[in-house]
Amino acid sequence: MKYSGWPDSGELVVGKVDDITDFGVFVDLEEYEDKRGLCHISEVASGWIKNVRDHVREGQTVVAKVLEVNESSQQIDLSIKDVNEHQRKEKIQEWKNEQKADKWMALAFGEDIDDEQYGAIANALLAEYDSLYDGFEQAAIHGAEALEDVDLDDDEIDVIVDTARQNVSVPYVNVTGYVDLRSPAGDGVDDVKEALKAAEGDGEVSDEIELTVTYVGAPEYRIKVKAPDYKTAESELDASVARAREAIESKGGTASYHRERSGDDE
């Protein structure tokens, strides 16, 4: 997707070097329709420049900062030297992500989707998320729930979720904790089994979460949670421990939670 308007002053843009002259570099903006900017030789690199071709080449993809936009004269002034390495890498990754999202839109709605339909769907996603990529990523993680506030019909939401879950690589994090479960009752083994079942969620854990409970060595059990982010993972770990504690204490037993193994390493 390319924007039809103009970039803002101070914005970072991705472009391809189209022409190199003695006074500067012309750059075709990759994110904007039919927009071309000029990076004066003094803005290509810091210090004195003997030959601009020592710093850029035709066809090269660059990240530049928009210095000034003059719509009446159709002129966009750019600076390459004002972009540091961190900004360049971050912007390139953002641009690549949006290219991926553009492909996902084509997979979801067909290569022949017209501009009006594309724009309507894209704008609906952008009203809730910072980028199309973010919208697809959240759809992959949370399913239709992530799009419930997006102004799309059910069929559009379903196809976005289906496409996202087939194509988006979702980042996950793992957290681990340990719980000691003890029951003084004669049937204490059964009480512990019930507590472990409760810890696992009894089928009620969200599809986006992977939660496993494994035996370490009596009375210690490991709870491992895989989730999209640390906040969710920690919350699910705490909830699992709380369920186990409630179940075992209801039988007169005890639960002790700790983050590190209390026994010897495996």
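All of these numbers come straight from a predicted model, not from anything done at the bench.

Judged by nonpolar contacts, the single largest core of 26 residues is most densely connected at I121, L125, F136, L147, L152 and I160. Breaking this core down by element, the ones donating at least two residues are α1 (85–109), α2 (115–126), α3 (132–142) and α4 (154–167). Ignoring anything within four residues of it in the chain, the contact list for L125 reads L132, F136, L147, V150, L152 and I160. Counting residues in each nonpolar core, the second largest holds 24 residues, with L196, V205, I223 and A233 among its members.

We now examine the sheet that holds strand β6 (residues 173–182). Taken together, 4 strands build an open sheet; the order of strands is β7-β8-β6-β9 and the sheet is antiparallel. The outermost strands of the open sheet, each flanked by one partner alone, are β7 (210–217) and β9 (254–258). Neighbour-to-neighbour, the strand axes of this sheet turn through a mean angle of 25°, independent of strand direction. Sheet topology places β7 next to strand β8 (residues 220–227); 7 bridges connect them, and they run antiparallel. Directly across from L211, in β8, lies its bridge partner V225. Contacting β6, β7, β8 and β9, helix α6 (residues 230–249) crosses the sheet at an angle of about 10° to β6.

This next bit is on α3. Across the 11 residues of α3, 8 count as buried, placing the element largely inside the fold. All of the buried residues along α3 are L132, Y133, G135, F136, E137, A139, A140 and I141. Check the buried side of α3 and you find it contacts α1, α2 and α4. Just downstream of α3, G143 is the residue with a positive phi angle, here 70°.

With 12 residues, helix α5 (residues 188–199) ought to run about 16 Å at 1.5 Å a step, and its terminal C-alpha atoms sit 16 Å apart, in line with that. Of all the residues in α5, the buried ones are G188, D191, V192, A195, L196, A198 and A199. For α5, the arc enclosing every buried residue in end-on projection is 160°, short of the 170-degree limit, so these residues lie on one face. α5 presents V189, K193 and K197 as exposed residues on the side facing more than 90 degrees away from its buried surface.

Summed over all chains, the structure comprises 4 aromatic pairs. An angle of 50° between the planes, with centres 5.6 Å apart, marks the rings of W104 and F136 as tilted. Remark: F136 occurs in helix α3 and W104 occurs in helix α1; sequence separation between them is 32 residues. Taken as a pair, W104 and F136 share a single burial class, namely buried. These aromatic residues form a ring-pair network of at least three members: W104, Y133 and F136. Note that K35 overlies the ring of W6, its terminal NZ or CZ placed 4.7 Å from the centroid. Between K226 and the ring centre of Y172, over which it is positioned, the NZ or CZ distance is 5.5 Å.

There is a patch of like negative charges on the surface, built from E33, D34, E111, D112, D114, D115 and E116. Looking at the secondary structure, you find E33 in the loop between β2 (24–29) and β3 (36–40).

This brings us to the UniProt feature "domain: S1 motif" (unreviewed entry) in the protein chain. Here the UniProt feature "domain: S1 motif" (unreviewed entry) sits at residues 10–81. This span, residues 10–81, is 0% helix and 49% strand, and a straight line between its end C-alpha atoms measures 13 Å.

Applying the stated criterion across every chain yields a total of 9 salt bridges. Among the salt bridges present, the one from D18 reaches R36, with a minimum N-O distance of 2.5 Å. With D18 in strand β1 (residues 12–20) and R36 in strand β3, this pair connects stretches of sequence that are 18 residues apart. E94 is paired through a salt bridge with K91; the nearest N and O atoms lie 3.2 Å apart. Placement of both E94 and K91 in helix α1 is noted, with a separation of 3 residues, approximately one turn of the helix. Classification of E94 by relative accessible area gives partly exposed; the value is 42%. Its relative accessible area of 7% is what places K91 among the buried residues. The network of salt bridges with common partners includes D18, D28 and R36.

What counts, and where the lines are drawn
For every chain, the first residue of the written sequence is number 1, and numbering continues from 1 onward in sequence order. Local features in a predicted model are, by the rule used here, given only for residues with pLDDT of at least 70; side-chain atom pairs are given and counted only at 80 or more, and totals for whole chains, interfaces and linings are based on all residues. Neither water nor hydrogens contribute to the side-chain values; these are computed over all heavy atoms in the structure. Here, the term nonpolar core denotes a set of buried Ala, Val, Leu, Ile, Met, Phe, Trp, Tyr and Cys residues that are joined through side-chain atoms within 4.5 Å. Relative accessibility thresholds used throughout: buried, under 20% of the residue-type maximum; exposed, over 50%; partly exposed, between the two (1.4 Å probe, protein chains only). A run of H or I in DSSP counts as a helix once it spans at least four residues, and a run of E counts as a strand once it spans at least two, with each numbered from the N terminus. The criterion used for residue contact is that any of the two residues' heavy atoms lie within 4.5 Å. A pair of strands counts as paired when DSSP detects no fewer than two bridges linking them. Only the stretch in contact is used when a helix axis is fitted, and all axes are lines through C-alpha atoms; the angle between N-to-C directions ranges over 0 to 180 degrees. Expected span, for any helix, means 1.5 Å times one less than how many residues it has. By definition, the arc is the one covered by directions from the helix axis to the C-beta atoms. Note on aromatic pairs: the rings of Phe, Tyr and Trp (six-membered ring only in Trp) are paired at centre separations within 6.5 Å, and the planes decide the class, stacked below 30 degrees, edge-to-face beyond 60, tilted for the rest. When the NZ atom of lysine or the CZ atom of arginine is within 6 Å of a ring's centre and also within 35 degrees of its normal, the charge is said to sit over that ring. Only residues whose relative accessible area exceeds 30% and that take part in no salt bridge are eligible for patches, with like-charged residues grouped when within 9 Å of each other and nonpolar side chains (Val, Leu, Ile, Met, Phe, Trp, Tyr) grouped when within 5 Å. The accessible surface values rely on the Shrake-Rupley method and a 1.4 Å probe; as for residues, cover is taken only from the protein chains in view. For this document, the term salt bridge refers to a Lys or Arg side-chain nitrogen within 4 Å of an Asp or Glu carboxyl oxygen. Charge counting follows a simple rule: Lys and Arg are positive, Asp and Glu are negative, and His as well as the terminal groups are ignored. For this purpose, a charge sits on NZ of Lys, CZ of Arg, CG of Asp or CD of Glu. UniProt positions are given in the numbering used here, feature names are shortened, and annotations may be inferred rather than shown by experiment.

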